[in-house]
Amino acid sequence: MRRFTEELGITRNTVTQDFQYLRDFFGAPIVYDRERNGHHYDPEAPEFELPGFWMNATELYALLACEQLLESVQPGLMGHRLTPLRQRVRRLLGDAGDHAERLSDKVRLQAVQQRAVANHIFISAADATLASKRLIIRYMPRSRDHHGERTVHPQRLLHYRHNWYLLADCEQACDLRLFSLDRIVAFEVSDEPAREVSVDRLDQFMDDSFGLFSGEPAAEAHLRFSPRAARWVADECWHPDQAGEWRDDGYHLRIPYSDPTELTMEVLRYGPDVEVLGPKALREGVRDRLDRALNVYK
């Protein structure tokens with residue numbers, strides 16, 4: 001104790017408070033020896049070291065929120081692994097930890113229309129993607145009632161609208177393809193390395209057109225929204241290259257697209273508050289879906 005006070009130029013009470021802080025805040029195994037009238041590490045305690053980084057209460061709350069976000073993205077995947085971290089963070093928060101206990105009640109991330117992906121499928125796809133290993137998968141697309149075998153070269157994992165997809169270079173298609181992880185029936189990780197696709201090509205495949213069904217734009221949609229719907233649409237980013245403007249008859253939005261499937265579903269979501277002005281094929285496709293929907297109720 002005397003050495004600390006002399007070399008650091010502080011009082012005995014300050015040294016005692018610092019020891020208490022190390023013990024209570026960081027969990028340091030420091031004990032007081034009455035016979036020696038000093039402090040020392042508990043020789044029976046496991047090895048201890050100070051954390052390598054420092055975080056304030058706000059940052060710790062943010063870390064807990066990120067843990068909740070990760071759990072909502074892929075439920076059950078990391079929860080048991082993150083439990084020790086969660087407990088450590090709450091100990092670091094001390095008295096403020098009561099707020100952390102209520103974090104899950106105060107901040108709720110609600111996944112809508114999320115399709116379940118088996119953890120072993122997700123982990124294998126992630127491992128193969130990070131390690132650049134070739135995958136042999138049995139895949140059952142929703143357009144067919146039977147699965148087929150494909151050899152793919154994983155490039156990226158994509159979390160889109162609460163669901164997971166694998167972007168891979170498919171040997172059968174000789175092109176990039178997206179595979180929904182929940183439709184992979186079985187898999188085999190090959191020892192063969194996956195061939196690499198340039199980042200520019202991957203970005204172009206994903207970013208050129210609206211929605212999940214990307215690729216080189218085939219056309220540009222021209223949509224007109226009513227003033228009521230425009231209160232939301234005018235503040236939304238549907239695509240990085242969209243162009244929107246207010247006119248006397250409503251809000252006009254132009255969006256490049258490749259496959260009309262997802263865009264058609266998005267237009268139908270707005271019902272009478274949107275009209276497709278062009279191109280003709282997209283307009284007729286939306287009108288056909290509306291006609292068939294109306295016939296269901298006749």
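Treat the numbers as computed from the prediction; the structure is a model and nothing was measured.

J.: Looking at this structure, I do not really get the nonpolar core. What am I missing?
T.: One recurring pattern in soluble globular proteins is that nonpolar side chains are buried together. Among the nonpolar cores identified, the biggest contains 18 residues, and Leu223, Phe225 and Trp238 are the most heavily contacted of them. Of all the elements in the fold, those that place two or more residues in this core are strand S8 (219–225), helix H9 (227–233), strand S10 (250–257), helix H10 (260–269), strand S11 (274–278) and helix H11 (280–296). With four residues, S10 is the single largest residue contributor to this core. Beyond its immediate sequence surroundings of up to four residues, Phe225 is in contact with Ala230, Val233, Trp238, Asp249, Gly250, Tyr251, Leu253, Tyr270, Asp273 and Val274. Of all hydrophobic cores here, the second largest spans 16 residues; its members include Ala125, Ile137, Leu166 and Ala168.

J.: Explanation requested: empty space enclosed by the protein in the structure shown.
T.: Which parts of space are left empty comes out when a probe the size of a water molecule is rolled across the atoms. Using the criterion set out here, one finds one cavity of 30 Å³ or more in the structure. By volume, the largest cavity amounts to about 30 Å³. Along the walls of the largest cavity sit Ile121, Ser124, Ala125, Leu135, Ile137, Ile184 and Phe187, which together make up its complete lining. Elements with a contribution of two residues or more to the lining of the largest cavity: helix H7 (119–131), strand S3 (133–139) and strand S7 (184–193). Taken together, the residues that form the lining of the largest cavity break down as six nonpolar, one polar and no charged.

J.: I would appreciate a short explanation of the sheet that holds S10 in the present structure.
T.: Backbone hydrogen bonds hold the strands of a sheet together, and the pairing may be parallel or antiparallel. Here we have four strands laid out as an open sheet, ordered S9-S10-S8-S11, and antiparallel in their pairing. A strand with exactly one partner marks an edge of an open sheet, and here the two such strands are strand S9 (243–247) and S11. Adjacent strand axes in the sheet meet at a mean angle of 25 degrees when their direction is disregarded. Across the sheet, H11 is in contact with S8, S10 and S11; its angle to S11 comes to roughly 145 degrees.

J.: Sorry, what's going on with the pairing of strand S6 (residues 175–180) here?
T.: Each regular strand displays side chains that alternate between the two surfaces of the sheet. Bridge analysis of strand S5 (residues 163–170) against S6 gives six bridges, and the strand direction is antiparallel. Bridged to Leu166 within S6 is Phe179. As consecutive antiparallel partners, S5 and S6 are separated by four residues, and within that stretch Cys174 has a phi angle of approximately 55 degrees, a positive value.

J.: Before we go on, may I ask you to explain the pattern of salt bridges in this structure?
T.: Oppositely charged side chains are able to pair whenever their charged atoms sit close together. Within this structure, the stated rule accounts for 14 salt bridges. Residue Asp203 is joined to Arg156 by a salt bridge in which the shortest nitrogen-to-oxygen separation is 2.8 Å. You can see Asp203 sitting in helix H8 (residues 199–207) and its partner Arg156 sitting in strand S4 (residues 148–160), a full 47 residues away along the chain. Judged by its relative accessible area of 27%, Arg156 falls in the partly exposed class. Arg269 serves as the salt-bridge partner of Glu266, at 2.5 Å between the closest nitrogen and oxygen. Here the residue Glu266 and the residue Arg269 both occupy positions in helix H10, the gap between them amounting to three residues, near one helical turn. The class of Glu266 is buried, set by a relative accessible area of 8%. Arg269 sits in the exposed class, given a relative accessible area of 55%.

Definitions and limits used
- Residues numbered from 1 in each chain as written.
- Predicted model: local features only at pLDDT ≥ 70, side-chain atom pairs only at ≥ 80, totals over all residues.
- Heavy atoms only, no water.
- Core = buried A, V, L, I, M, F, W, Y, C linked by side-chain atoms within 4.5 Å.
- Buried < 20%, exposed > 50% of the residue type's maximum accessible area, 1.4 Å probe, protein only.
- Helix = DSSP H or I, 4+ residues; strand = E, 2+ residues; numbered from the N terminus.
- Contact = heavy atoms within 4.5 Å.
- 1 Å grid on protein atoms, 1.4 Å probe; cavity = no way out; pocket = protein on both sides within 12 Å on 5 of 7 lines; lining within 4 Å.
- Points joined across faces, edges and corners; volume = space filled by probe spheres on them.
- Nonpolar A, V, L, I, M, F, W, Y, C, P; charged D, E, K, R; others polar.
- Pairing = 2+ DSSP bridges.
- Axes fitted to C-alpha atoms, helices over the stretch in contact; angles between N-to-C directions.
- Salt bridge = Lys/Arg side-chain N within 4 Å of Asp/Glu carboxyl O.

Geometry only, nothing functional implied.
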